[in-house]
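# Structural features, examined
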Amino acid sequence: MTMETDWSERLSETLRKRLPPHFWFHMSNKGVRPSHPVSKCSKVVFLHGWCQSHSAWLQTATKIRDRYGHESILLDFYGHGSSPYPDEFDQLSPEILLMQVRDAICRVGWENDKIVFAAISLGASIGLRYAESFPGSVERFLLLAPSGLKEPFMLNLANLGSVMAKAGVRIGKTMRHIGLGAALKAPPIFRGLAHMNLIKSTPHYDVPQDLGHVTGIPFTVLLGQLDFIHTPQASKWCEAGDKPNNRTIVKNLESHVTMCLRPTRFRLEELVGAWHSKDFELEGKQLSPPSASHRHGYHTPYPSLVSQSGTEKDCKETRRSRVSMYNRRGGGRSSSDTDVMSNNDEDGGDDGTDHQKPKQTPTRVRVRARL
């Protein structure tokens, strides 16, 4: 029995017996009419970063479903979002997150399919370790401000965080050993120690540094020029995976935090070759964008940001014109209002005359969004 087969069997047994429940959901492409259809839809797993949740990727997942017809899995790592913490603080580790990802993939029935991993920061290391544990199961990577590589400078923020986290975990284990385990159950202390145990192996998270296990896998990597946590080691990422098809993009004046908080700013859904092979694209088959009612639902609890009578762009332009009109009048509505009025109710001129215009009913457009 090979080591890989033994690992897979032990992982499956652990999943069946000990893995706690966790939050995940499947965004299906059933009934979706994509605007840029491809001959083969991808299966995408989105992995968020440390102290984030699945909402970091929610809009991007919705966009690639509406654009290409790809289906995806989004989840919350243990100790993040809607997923609970393990029973003991030292159980929250990259290993249990890897098991969690495998569990979600198996529940959807993708265990024998090739997966596209889109990952932020910590999630990148989990995706790379997944490729190591399950060879041949990853189709391509899209990594945003990724971890997984050792930092050359000891005073790097990630290295300093690792030292502090190891010290905190050591203190916690000592307190449990001398009979002070009850004090560790206090939620603030327990959660702090659990997250320290998770990031104690940052920045590499035990990912093989030669990246030989991802040979032949295309990479699309976005790095921040001012990222001082996981520094932009563009040359190493260019040498990983499938070199001819790799793509490394360094974003100017972007830090680690700004890269992770709003991935939708980078319009990742439009990156050619990031979600599927260029060979799958159908020339001349681009359709009109799906209607708002068509975008809502399909195994996702959150609607995408669209109006009931137009696209997101139309809705934003309508709101902008209404705000401009209210500013000229010296009044305005609260910025938290969700009703957007179209600019078709302008008053008469400033000469004091009462212009008799046909009375028009303002068109109301309601924006439904949860971020």
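The following refers to the structure shown. (Residues numbered from 1 in each chain as written. Predicted model: local features only at pLDDT ≥ 70, side-chain atom pairs only at ≥ 80, totals over all residues. Heavy atoms only, no water.)

## Side note on the packing of helix H5 (residues 157–177) against helix H6 (residues 187–199)
Between H5 and H6, the shortest axis-to-axis distance is 8 Å and the interhelical angle comes to 130°. Taken together, the axis directions place H5 and H6 in an arrangement best described as oblique. The chirality of how H5 crosses H6 is left-handed. Between H5 and H6, the contacting residues are Ser-162, Ala-165, Gly-168, Val-169 and Gly-172 on the first element and Leu-193, Met-196, Asn-197 and Ile-199 on the second. Tallied by class, residues from the contact of H5 with H6 come to 5 nonpolar, 4 polar and no charged. (Axes fitted to C-alpha atoms, helices over the stretch in contact; angles between N-to-C directions. Helix = DSSP H or I, 4+ residues; strand = E, 2+ residues; numbered from the N terminus. Parallel < 35°, antiparallel > 145°, perpendicular 65-115°, else oblique. Left-handed = near helix turned anticlockwise from the far one by under 90°. Contact = heavy atoms within 4.5 Å. Nonpolar A, V, L, I, M, F, W, Y, C, P; charged D, E, K, R; others polar.)

## Observations regarding the sheet that holds strand S7 (residues 247–251)
Taken in spatial order, the 7 strands make up an open sheet running S1-S3-S2-S4-S5-S6-S7, and their pairing is mixed. Only two strands of the sheet have a single partner each, and these edge strands are strand S1 (24–27) and S7. Between one strand axis and the next, the sheet turns by 15° as a mean value, whatever way the strands run. Bridge count between S1 and strand S3 (residues 71–75): 4 bridges; the pairing is antiparallel. Residue Phe-25 lies in a different strand from S3, and its bridge partner there is Leu-74. Packed onto the sheet, helix H3 (residues 94–108) meets S1, strand S2 (43–47), S3 and strand S4 (115–120) and runs at close to 140° relative to S3. Along the sheet, helix H4 (residues 122–133) contacts S2, S4, strand S5 (138–144) and strand S6 (219–224); its crossing angle with S4, the most-contacted strand, is approximately 150°. (Pairing = 2+ DSSP bridges.)

## Regarding the packing of aromatic side chains
A ring pair, where both rings are aromatic, is described by two values, the distance of the centres and the angle of the planes. By the definition in use, this model includes 9 aromatic pairs. Summarising the aromatic geometry, the rings of Tyr-85 and Phe-190 are spaced 6.1 Å apart at their centres and angled 70° between planes, so their arrangement reads as edge-to-face. Taken together, the residues span a long stretch of sequence, with Tyr-85 in the loop between S3 and H3 and Phe-190 in helix H6 at a distance of 105 residues. The partly exposed category is assigned to Tyr-85, whose relative accessible area is 24%. A residue is classified by how much of its surface remains accessible, and Phe-190, at 11% relative accessible area, is buried. Centre to centre, the rings of Phe-219 and Trp-237 are 6.1 Å apart; their planes meet at 40°, and the pair counts as tilted. Here Phe-219, found in strand S6, pairs with Trp-237, found in helix H7 (residues 234–239); they are 18 residues apart in sequence, far enough to count as distant. Like Trp-237, Phe-219 is buried. Aromatic rings pair up to connect Phe-117, Tyr-130, Phe-134, Phe-141, Phe-219 and Trp-237 into one cluster. Sitting over the ring of Phe-134, Arg-102 keeps its end group 4.2 Å from the ring centre. (Phe/Tyr/Trp six-rings, centres within 6.5 Å; stacked < 30°, edge-to-face > 60°. Buried < 20%, exposed > 50% of the residue type's maximum accessible area, 1.4 Å probe, protein only. Lys NZ or Arg CZ within 6 Å of the ring centre and 35° of its normal.)

## Considering the pattern of salt bridges
Opposite charge on two side chains permits pairing when their charged atoms draw close. Throughout the structure, instances matching the rule amount to 9 salt bridges. For the salt bridge of Arg-65 with Asp-66, the shortest nitrogen-to-oxygen distance reads 3.3 Å. For Arg-65, a relative accessible area of 0% corresponds to the buried category. Notably, a salt bridge pairs Arg-176 with Glu-88, separated by 3.4 Å at the nearest N-O pair. Placement of the pair is Arg-176 in helix H5 and Glu-88 in the loop between S3 and H3, with a sequence separation of 88 residues. We classify Arg-176 as partly exposed; its relative accessible area is 32%. Members of the salt-bridge network, linked through shared partners, are Glu-88, Asp-90, Arg-176 and Lys-185. (Salt bridge = Lys/Arg side-chain N within 4 Å of Asp/Glu carboxyl O.)

## So, the pairing of S5
Counting buried positions along S5 yields 7 of 7 residues, so the element is predominantly enclosed. Here S4 runs beside S5; their pairing, made up of 6 bridges, is parallel. Bridging from a neighbouring strand, Ile-120 pairs with Leu-144 of S5. As defined by bridge partners, S5 adjoins S6 across 4 bridges and the pair is classed as parallel. Counterpart to Leu-143 in the pairing with S6 is Val-221.

## Notes on the environment of Ile-229
Inspection of the secondary structure puts Ile-229 in the loop between S6 and H7. A C-alpha to C-alpha distance of 8.4 Å links Ile-229 and Asn-159, two positions 70 residues apart in sequence. For Ile-229, the contacting residues outside a window of four places in its chain are Glu-151, Asn-156, Leu-157, Ala-158 and His-256.

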